[in-house]
Amino acid sequence: MSDSAESSLIPTLARVGSVALAVALVLSTGFLLSEGGLAAAVPGLLATAMALVLVYGVFTGQLFEPRVQVAFFVGVGAWAGYNYLVADGGAIDLLLLALATLVVAQQARKL
């Protein structure tokens, strides 16, 4: 495969993958809402918000811009915090919350 074919394939795969992830999360969150109500769907809603930020970043080419990073990692922190506090999460959720806090603090300085 030539370099130009590879360079156009990667962004296409990223776009397709991010949209597929967002669609899967929207569908699963809709199912959770219909079956268990809002309380059961909160993690799915947070994950859907993160996926939509990812789609925005991939399609606009701004995935590594500070405001997109802040938005994404605020979602990661909210999701991890919710899992830890409400869903009896463990060490992984605490680590994700700490990582998200560090990234948000670092990227917020650049805004």
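Described below are features of the structure shown in this document. (Residues numbered from 1 in each chain as written. Predicted model: local features only at pLDDT ≥ 70, side-chain atom pairs only at ≥ 80, totals over all residues. Heavy atoms only, no water.)

## Comments concerning the overall build of the protein chain
At step 1: Looking only at helices and strands, the protein chain features 4 helices and 0 strands.
At step 2: Along the protein chain, helices and strands appear, N-terminal first, in the series α-α-α-α.
At step 3: In terms of its C-alpha atoms, the protein chain occupies a principal-axis envelope of roughly 50 × 35 × 25 Å.
At step 4: Evaluated residue by residue, the protein chain yields a buried proportion of 26% over its 111 residues.
At step 5: Pairs at least 24 apart in sequence give 52% of the contacts found in the protein chain among residues at least 6 apart.
At step 6: As displayed, the protein chain offers around 6,900 Å² of accessible surface, 72% of which is attributable to carbon and sulfur atoms.
At step 7: Once the 4 positive and 6 negative side-chain charges of the protein chain are each reduced to a mean point, those two points are 17 Å apart. (Helix = DSSP H or I, 4+ residues; strand = E, 2+ residues; numbered from the N terminus. Buried < 20%, exposed > 50% of the residue type's maximum accessible area, 1.4 Å probe, protein only. Contact = heavy atoms within 4.5 Å. Areas by Shrake-Rupley, 256 points an atom, 1.4 Å probe, with all protein chains shown as cover. Lys, Arg positive; Asp, Glu negative; His and termini not counted. Charge placed at Lys NZ, Arg CZ, Asp CG, Glu CD.)

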